[in-house]
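Each chain is listed here by its residues.
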Amino acid sequence: MRPADYLPPFDPRDHIGAPTDPEDERIEVGVLIVGAGPAGLACAIRLGQLLEGAPEVRERLGEVPVAVLEKGKQPGSHLLSGAVVNPRALRRLFKGRKRIDELPFYGPVEHESVYFLTPRRALRIPTPPTMKNEGNVVASLSQLGRWLAEQAEESGAMILPETAAVKLLAADGRVRGVRTGDKGRGREGQELGNFEPGADLVARVTVLAEGTQGHLTGVALNRFGLAGENPQVWALGVKEVWKVARPLNRVIHTMGWPLRAAAKYREFGGSFIYPMGEDMVTLGMVVGLDYRDVELSVHDLLQELKTHPLVRRLLEGGERIAWGAKTIPEGGFLSLPKRLHAPGLLICGDGAGLVNVPALKGIHYAIESGSLAAEAAFAALQRGQTPSTPGALAVYDDALRQSFVWKDLQEVRNMRQAFGRGFWLGGALAGAMTATKGHFPPGNTRTERDVDQELIRTDRAQSYPAPDGTLTFDRLSSVFASGNKTRDDQPNHIVIRRDVPPELARMWERMCPAQVYEAGGDGVAVTPSNCVQCGAITAKGGRLTPPEGGSGPEYTLT
Ligand SMILES: Cc1cc2nc3c(=O)[nH]c(=O)nc-3n(C[C@H](O)[C@H](O)[C@H](O)COP(=O)(O)OP(=O)(O)OC[C@H]3O[C@@H](n4cnc5c(N)ncnc54)[C@H](O)[C@@H]3O)c2cc1C
Ligand code: SF4
């Protein structure tokens with residue numbers, strides 16, 4: 001049985017349409033950016049810089065030349081990453097304006113170790129070239145996002161938090177903007193006392209920077225025929241931040257246990273453990289969502305990882321202070337859309353799938369693509385240009401193909417797909433790919449959708465440690481640590497079929513790090529208010545749609 005056999009009815013066409021508000025009630029902005037992540041904020045900052053030198057263009061864009069919509073309570077609330085950041089794209093963005101040491105980083109990576117774990121032992125192995133972090137810096141993406149949002153506002157952008165874009169506005173073959181979601185509806189969709197309807201926001205250029213599992217990005221790829229040959233695949237990352245008794249002086253990555261190496265399980269991933277200054281450490285597990293075992297739970301694998309002597313020692317005497325989860329697009333170069341523009345539309349960051357999986361890096365690609373999107377939008381806004389004519393924004397694709405983003409992703413293009421063949425064979429192929437900069441093996445490997453993997457069942461869950469509330473935790477206390485504030489009586493934003501076989505219900509129950517699903521006698525019960533919007537359900541047979549703006553986690557340190 002495959003999750004693909006039980007996909008819920010979901011028609012992207014229901015999420016795209018012409019503006020419906022009367023023309024004089026539509027909110028007009030110059031460039032509309034959806035998502036205040038590194039991609040969207042870099043785009044806003046770069047536009048601000050370009051408009052600074054072009055007052056006549058700024059003037060023509062009206063009262064709000066640049067607006068950024070963010071569904072989280074504030075910028076950063078929904079940002080979660082490792083994060084070791086390659087500062088290359090930030091250096092270009094802030095050239096002549098800010099030095100890297102003025103940004104909110106925890107410092108450079110000074111030492112690093114990679115281990116292969118068995119249940120009791122840790123074998124240090126040489127750092128694979130793709131995982132080297134010399135010159136990189138450690139950050140909390142949530143904190144970096146808040147800082148970038150301040151810079152964007154200073155450069156003239158208007159940021160609208162607590163605002164979800166729920167519908168792509170398109171008419172006459174071009175994108176016109178987005179419609180924002182209603183607020184104040186009850187569980188059955190009825191209007192409550194504080195009801196506020198959504199609004200049509202129209203713009204000359206719309207930039208989708210929604211990150212992983214972008215709702216409108218998927219709709220746009222479908223509507224404008226942009227999807228590439230290979231489907232996208234995802235991994236789920238679950239992480240914690242700890243206050244620790246002793247500082248950690250290096251960046252650590254592990255592979256091997258608690259994942260199983262045999263090809264039949266398709267368990268690809270590993271852990272990261274990064275220092276955050278003298279008194280904090282962040283650690284997380286990232287696992288490909290092409291896994292097959294219905295009992296696999298990334299939340300519980302992270303709990304298990306902490307019981308390893310290597311990790312337990314680092315956390316001894318410490319306290320967990322934050323938790324969160326998010327998916328990562330892992331298809332890489334082979335899963336990129338054919339094009340990243342359509343009339344009036346640009347797509348950047350994780351929404352486009354710009355992630356280097358072996359390096360676990362996407363932030364600098366998000367920033368670079370956001371900056372390039374700004375430059376393309378700016379060029380198309382010059383007098384005599386029309387961004388909504390076909391091909392007017394094609395310079396964005398050209399610039400991205402010329403950039404380091406493209407070259408980096410091309411070199412590691414088959415790497416993720418190789419690990420579908422199991423850890424050892426995948427590892428050997430990955431080594432060959434690295435040594436030859438992607439020339440061997442030649443050609444491209446096909447990607448299989450996560451939903452197409454046949455499910456199997458083992459007794460994997462038996463070995464997950466019982467939560468002790470000190471080192472190991474249950475999911476509800478994890479959701480609490482995410483600061484989740486979703487209203488209980490909000491309409492359900494998770495689209496799934498309820499009449500699914502027990503195996504699939506059980507798989508969702510284990511998969512969801514936030515305890516949203518409960519397998520029952522004849523299907524699955526859902527508690528949507530627990531959802532931290534990680535996106536895993538979209539990879540595994542359902543669909544996460546944006547809930548009411550302002551709901552979801554309130555990350556501050558992730
Ligand atoms: C566990 C984990 C570890 C990682 N480690 C690293 C690392 O160490 N180094 C590294 O470089 N990269 C790392 N990455 C990848 C990196 O975090 C991403 O590549 C990067 O965050 C992508 O940036 P983005 O702006 O495209 O998307 P995001 O960071 O996801 O930001 C998108 C924003 O858009 C908002 N949004 C989405 N849809 C809507 C909508 N419809 N309406 C309104 N707002 C919306 C979201 O709330 C969010 O704030 C990691 C990722 C994970 C999950
Ligand atoms: S319901 Fe889906 S999107 Fe929400 S936390 Fe669970 S798996 Fe993630």
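As a reminder, the structure under discussion sits directly above these lines.
Below is a short write-up of the structure. (Residues numbered from 1 in each chain as written. Chains lettered and ligands numbered in written order. Predicted model: local features only at pLDDT ≥ 70, side-chain atom pairs only at ≥ 80, totals over all residues. Heavy atoms only, no water.)

## Notes on unusual backbone geometry
Move 1: The omega torsion of the bond from Gly82 to Ala83 falls at 0°, within 30 degrees of zero and hence cis.
Move 2: Note that Ala83 resides in the loop between β3 (66-69) and β4 (84-85).
Move 3: Non-glycine residue Glu162 carries a positive phi angle of around 55°.
Move 4: Here Glu162 is to be found in the loop between β9 (158-160) and β10 (165-171).
Move 5: Despite not being glycine, Asp172 has its phi angle at roughly 55°, a positive value.
Move 6: Residue placement: Asp172 occurs in the loop between β10 and β11 (174-180).
Move 7: Looking at Asp172, the relative accessible area reads 72%, which means it is exposed. (Helix = DSSP H or I, 4+ residues; strand = E, 2+ residues; numbered from the N terminus. Buried < 20%, exposed > 50% of the residue type's maximum accessible area, 1.4 Å probe, protein only.)

## Observations concerning the sheet that holds strand β5 (residues 107-108)
Move 1: Taken in spatial order, the three strands make up an open sheet running β4-β8-β5, and their pairing is antiparallel. Edge positions in the sheet fall to β4 and β5, since each has one partner strand and no second.
Move 2: Pairing of β5 with strand β8 (residues 137-138), which is carried by two bridges, proceeds in the antiparallel orientation. Residue Pro108 lies in a different strand from β8, and its bridge partner there is Val137. (Pairing = 2+ DSSP bridges.)

## Some remarks on the sheet that holds strand β17 (residues 269-276)
Move 1: The strand order β7-β6-β16-β17-β18-β15-β19 describes an open sheet built from seven strands, whose pairing is mixed. Pairing within the sheet leaves two strands with one partner each, and these edge strands are β7 (122-125) and β19 (319-329). Neighbouring strand axes in the sheet, compared pairwise and without regard to direction, differ in orientation by 20° on average.
Move 2: Across the sheet, helix α6 (residues 298-305) lies against β6 (112-117), β15 (234-243), β16 (251-256), β17, β18 (280-288) and β19, angled at about 130° from β18, the strand it touches most. (Axes fitted to C-alpha atoms, helices over the stretch in contact; angles between N-to-C directions. Contact = heavy atoms within 4.5 Å.)

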